[in-house]
Amino acid sequence: MIVVGLTGGIGSGKSTVSEGLARLGAVIIDADAMTRELQQPGAPVFNAIVERFGQEIVAADGSLDRLALAAIVFPNPEILKELNALVHPEIGRAIRSRMREHLGTDSVVVLDVPLLIENSRYPVAGVAVVDTPVDIAIDRLVNIRGMDETDARARIARQATREERLAKADYVIDNSGDRDALALLLPALWEWMQGLEPVAADDQRLADPVDPPDATDGKSLA
Ligand code: ADP
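Residues numbered from 1 in each chain as written. Predicted model: local features only at pLDDT ≥ 70, side-chain atom pairs only at ≥ 80, totals over all residues. Heavy atoms only, no water.

## Some thoughts on the sheet that holds strand β1 (residues 2–7)
For step 1, the next point in the chain: Strand order in the open sheet formed by 5 strands is β2-β3-β1-β4-β5, with parallel pairing between adjacent strands. The sheet is open, and its two borders are formed by β2 (27–30) and β5 (171–174), each paired with just one other strand. When the angles between neighbouring strand axes are averaged without regard to direction, this sheet yields 25°.
For step 2, the next point in the chain: Contacts between helix α5 (residues 77–100) and the sheet are confined to β1, β2 and β3 (108–112), with β2 contributing the most and set at about 170° to the helix. (Pairing = 2+ DSSP bridges. Helix = DSSP H or I, 4+ residues; strand = E, 2+ residues; numbered from the N terminus. Axes fitted to C-alpha atoms, helices over the stretch in contact; angles between N-to-C directions. Contact = heavy atoms within 4.5 Å.)

## Comments concerning the pairing of β3
If a strand is regular, its side chains alternate between the two faces of the sheet.
For step 1, the next point in the chain: The buried fraction of β3 amounts to 5 of the 5 residues, a majority that puts the element mostly inside the structure.
For step 2, the next point in the chain: Burial of β3 is two-sided: the residues V108, V110 and D112 facing one way and the residues V109 and L111 facing the other way are all buried.
For step 3, the next point in the chain: In the sheet, β1 pairs with β3 via 5 bridges, with the strands oriented parallel. Along β3, the bridge assignment pairs V4 with V110.
For step 4, the next point in the chain: Both β2 and β3 contribute to a ladder of 4 bridges, which runs parallel. In the sheet register, I28 faces β3, and the bridge partner there is V110. (Buried < 20%, exposed > 50% of the residue type's maximum accessible area, 1.4 Å probe, protein only.)

## Remarks on the nonpolar core
Nonpolar side chains in soluble globular proteins generally cluster together in the buried interior.
For step 1, the next point in the chain: Ranked by size, the top nonpolar core spans 32 residues in total, and within it I49, F53, L69, I95, M99 and L111 carry the most contacts.
For step 2, the next point in the chain: Only β2, α2 (31–38), α3 (44–53), α4 (66–73), α5, β3 and β4 (126–131) provide two or more residues apiece to this core.
For step 3, the next point in the chain: If one sorts the elements of this core by residue count, α5 sits on top with 7 residues.
For step 4, the next point in the chain: Setting aside anything within four residues of it in sequence, one finds L69 in contact with I49, F53, I57, L64 and L83.
For step 5, the next point in the chain: I2, V17, A128 and W190 belong to the second largest nonpolar core, which has 17 residues in total. (Core = buried A, V, L, I, M, F, W, Y, C linked by side-chain atoms within 4.5 Å.)

## A look at the layout of surface pockets
For step 1, the next point in the chain: There is about 200 Å³ of room inside the second largest pocket.
For step 2, the next point in the chain: If you go around the second largest pocket, you meet 16 residues; those closest to its centre are G9, V134, I156, A160 and R162.
For step 3, the next point in the chain: Of all the elements, β4 adds the most residues to the lining of the second largest pocket, at 3 residues.
For step 4, the next point in the chain: By residue class, the composition of the lining of the second largest pocket is 8 nonpolar, 5 polar and 3 charged. (1 Å grid on protein atoms, 1.4 Å probe; cavity = no way out; pocket = protein on both sides within 12 Å on 5 of 7 lines; lining within 4 Å. Points joined across faces, edges and corners; volume = space filled by probe spheres on them. Nonpolar A, V, L, I, M, F, W, Y, C, P; charged D, E, K, R; others polar.)

## Some thoughts on the site of the ligand
For step 1, the next point in the chain: Close to the ligand lie 15 residues, the nearest being G11, S15, T16, R145 and N175.
For step 2, the next point in the chain: Take G11: an N or O atom from its main chain is 2.7 Å from an oxygen atom of the ligand.
For step 3, the next point in the chain: In this structure, S12 approaches the ligand through a main-chain N or O atom, which is 3.2 Å from an oxygen atom.
For step 4, the next point in the chain: Calculation on the ligand without its partners gives an accessible area of 560 Å², and the protein chains cover 87% of this total.
For step 5, the next point in the chain: With 3 residues, helix α1 (residues 14–24) is the largest single contributor of residues to the shell around the ligand.
For step 6, the next point in the chain: Of the residues belonging to the shell around the ligand, the class tally is 2 nonpolar, 8 polar and 5 charged. (Near = heavy atom within 4 Å. Polar contact = N/O pair within 3.5 Å; in protein donor to acceptor, adjacent residues only side chain to side chain. Areas by Shrake-Rupley, 256 points an atom, 1.4 Å probe, with all protein chains shown as cover.)

Next comes the structure, spelled out in C-alpha cells:
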C-alpha cells in the first residue's frame, strides 16, 4: 500500500481530482465523508457532541445542525479546540482502520483531507495539493455549486492559505484551467503516486494510540 495525501482549499477541485484518481484505480479515503458518517444521529461522535453542546445543535429532524454548531465554535478558538478533541480522534481511528485493510496490497490509497497533513499522523509518502487561485475557486463555488459568495469567502478564510498548502506540497496540481486541462494532468499525478514509497507492515502510524492525543490544530473538520 502506498498512501498519498491529497489536499486543497474548498472549491479548489479536490473532489474532482479524487474522482479522477478513483477512475484510475486509487482507493479514496474521504475524511469529510467519514466525518459526516461519524456525525450521523446515534453515532458516537454525534452523541459526544450533543452531550457537550446540548439540544440546540440538533436540527428538527434529529440530525446534527452544522450551522448552529459552526455559529458556536468558530468565534471561539477554545471551544473549537474542544469540538476537535471530540471529533478528530474518532476520525483518526476510522481512517487508520480503513488503511489497515489495504496494508500489504498494492493499493494506492489517497487520503482526501481538508486539513494540512502532518506526515507524523498517517503514513503518508507524499502530499499532492490541488492549487486554484482563490477568485477562481470562489467563482466555481458560487456559479456552479450555488454557494453564497460571503459564505464561500468566509470558509476559505478559515482554511489554510494557498501559500501554507503549497509549502507542504510534494506535488502540485494546477486547476486554474478548464476541466479538460485538469483531466490531462491526472495521468502524471497517478504515475508519481505509484512511484512513492510503500508503507512498511509494522508502521506505527497505523496503530491506534492507547490514549489518543490526536493533534488538533485549530482547523475544524465540522
Ligand atoms: P473541492 O472538493 O475542492 O471543494 P470540487 O472538486 O467540488 O472542489 O470543485 C468545485 C466546483 O468546481 C465543482 O462544482 C466542480 O465540478 C467544479 N470544478 C472543478 N474543477 C473545475 C475546472 N477545472 N473547471 C470548471 N469547473 C471545475
